[in-house]
Amino acid sequence: MTAKELVQKFYQSDAFIDQKLMESYLHPEILLDWNSSKGFIQMKSDDILSFTKELSAAYLDSNIKISHILEEGNLVSIRYSHFVKTIENPAEEMLLAHFIVIWEVKDNKLFRGYQMSQLS
């Protein structure tokens with residue numbers, strides 16, 4: 001599987017609301033630098049898995065709409081919008097935020113990420 005195929009498969013999966021699935025994509029030494037509209041966060045594997053647990057408690061469904069995905073060697077850039085359905089209102093899909101991420105893939109896992117997001 002190419003780096004691009006791995007990243008695409010990851011974002012098209014339920015990994016954001018399924019801790020076990022999320023864990024299967026993460027390199028043991030993963031590091032994610034996230035610049036959000038709320039500030040800078042650096043996340044390791046345990047942080048990402050905890051965040052996934054929070055998302056699964058708040059959202060019934062998670063849907064990623066990819067607009068761009070580019071690959072150069074083991075680096076993949078992806079631009080997407082993240083939509084969710086809340087437990088309180090499962091009939092309505094709402095836009096959570098817009099993202100752009102550059103992933104370095106190592107050993108067929110997400111290894112190093114640089115992410116920027118903006119709330120909807």
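See the structure above.
In this text the structure is predicted, and so the values were computed from the model without any measurement. (Residues numbered from 1 in each chain as written. Predicted model: local features only at pLDDT ≥ 70, side-chain atom pairs only at ≥ 80, totals over all residues. Heavy atoms only, no water.)

S.K.: Sorry if this is basic, but what is going on with the packing of aromatic side chains here?
M.R.: Describing an aromatic ring pair means giving the distance of the ring centres and the angle of the ring planes. Following the criterion strictly, the structure yields 8 aromatic pairs and no others. When the centroid spacing of 6.1 Å and the interplanar angle of 50° are considered together, the rings of tryptophan 34 and phenylalanine 99 count as tilted. Here tryptophan 34, found in strand S1 (residues 26-36), pairs with phenylalanine 99, found in strand S5 (residues 93-106); they are 65 residues apart in sequence, far enough to count as distant. Phenylalanine 99 shares its class with tryptophan 34; the two are buried. (Phe/Tyr/Trp six-rings, centres within 6.5 Å; stacked < 30°, edge-to-face > 60°. Helix = DSSP H or I, 4+ residues; strand = E, 2+ residues; numbered from the N terminus. Buried < 20%, exposed > 50% of the residue type's maximum accessible area, 1.4 Å probe, protein only.)

S.K.: Sorry, what's going on with the environment of leucine 55 here?
M.R.: Following the sequence through the fold, leucine 55 ends up in helix H3 (residues 45-58). Between the C-alpha atoms of leucine 55 and phenylalanine 83, which are 28 residues apart in sequence, the distance is 12 Å. Beyond its immediate sequence surroundings of up to four residues, leucine 55 is in contact with Phe16 and Ile17. (Contact = heavy atoms within 4.5 Å.)

S.K.: What is the right way to read the pairing of strand S3 (residues 59-72) from this model?
M.R.: Note that S3 and strand S4 (residues 75-86) share 12 bridges and pair antiparallel. Of the residues in S4, the one forming a bridge with isoleucine 69 is isoleucine 78. Hairpin connection, S3 to S4: the antiparallel pair is bridged by 2 residues, and glycine 73 has positive phi, about 65°. (Pairing = 2+ DSSP bridges.)

S.K.: So what exactly am I meant to see when it comes to the sheet that holds strand S2 (residues 39-43) here?
M.R.: Note on sheets: strands pair through backbone hydrogen bonds, and any given pair is parallel or antiparallel. Across the sheet, 6 strands lie side by side as S2-S1-S6-S5-S4-S3; this open sheet has mixed pairing. Looking along the sheet, the strands with just one partner apiece sit at the ends: S2 and S3. Sheet twist, expressed as the average angle between the axes of neighbouring strands with direction ignored, equals 20°. The pairing of S5 with strand S6 (residues 109-119) spans 10 bridges and is classified as antiparallel. Residue pairing for S6: glutamate 104 is matched across the bridge by arginine 112. Packed onto the sheet, helix H1 (residues 3-11) meets S3, S4, S5 and S6 and runs at close to 160° relative to S3. With respect to the sheet, H3 is in contact with S1, S2, S3 and S4, its orientation differing from that of S1 by roughly 65°. (Axes fitted to C-alpha atoms, helices over the stretch in contact; angles between N-to-C directions.)

S.K.: How do you make sense of the pattern of salt bridges when you look at a structure like this?
M.R.: Oppositely charged side chains may form a pair once their charged atoms are brought near each other. For the structure shown, the criterion picks out 2 salt bridges. Arginine 112 serves as the salt-bridge partner of aspartate 33, at 3.2 Å between the closest nitrogen and oxygen. With aspartate 33 in strand S1 and arginine 112 in strand S6, this residue pair connects regions lying 79 residues apart in the sequence. Here arginine 112 falls in the buried class, since its relative accessible area comes to 17%. For glutamate 93, the salt bridge identified is with lysine 65, shortest N-O distance 3.4 Å. Of the two residues, glutamate 93 sits in strand S5 while lysine 65 sits in strand S3, which places them 28 residues apart along the sequence. (Salt bridge = Lys/Arg side-chain N within 4 Å of Asp/Glu carboxyl O.)

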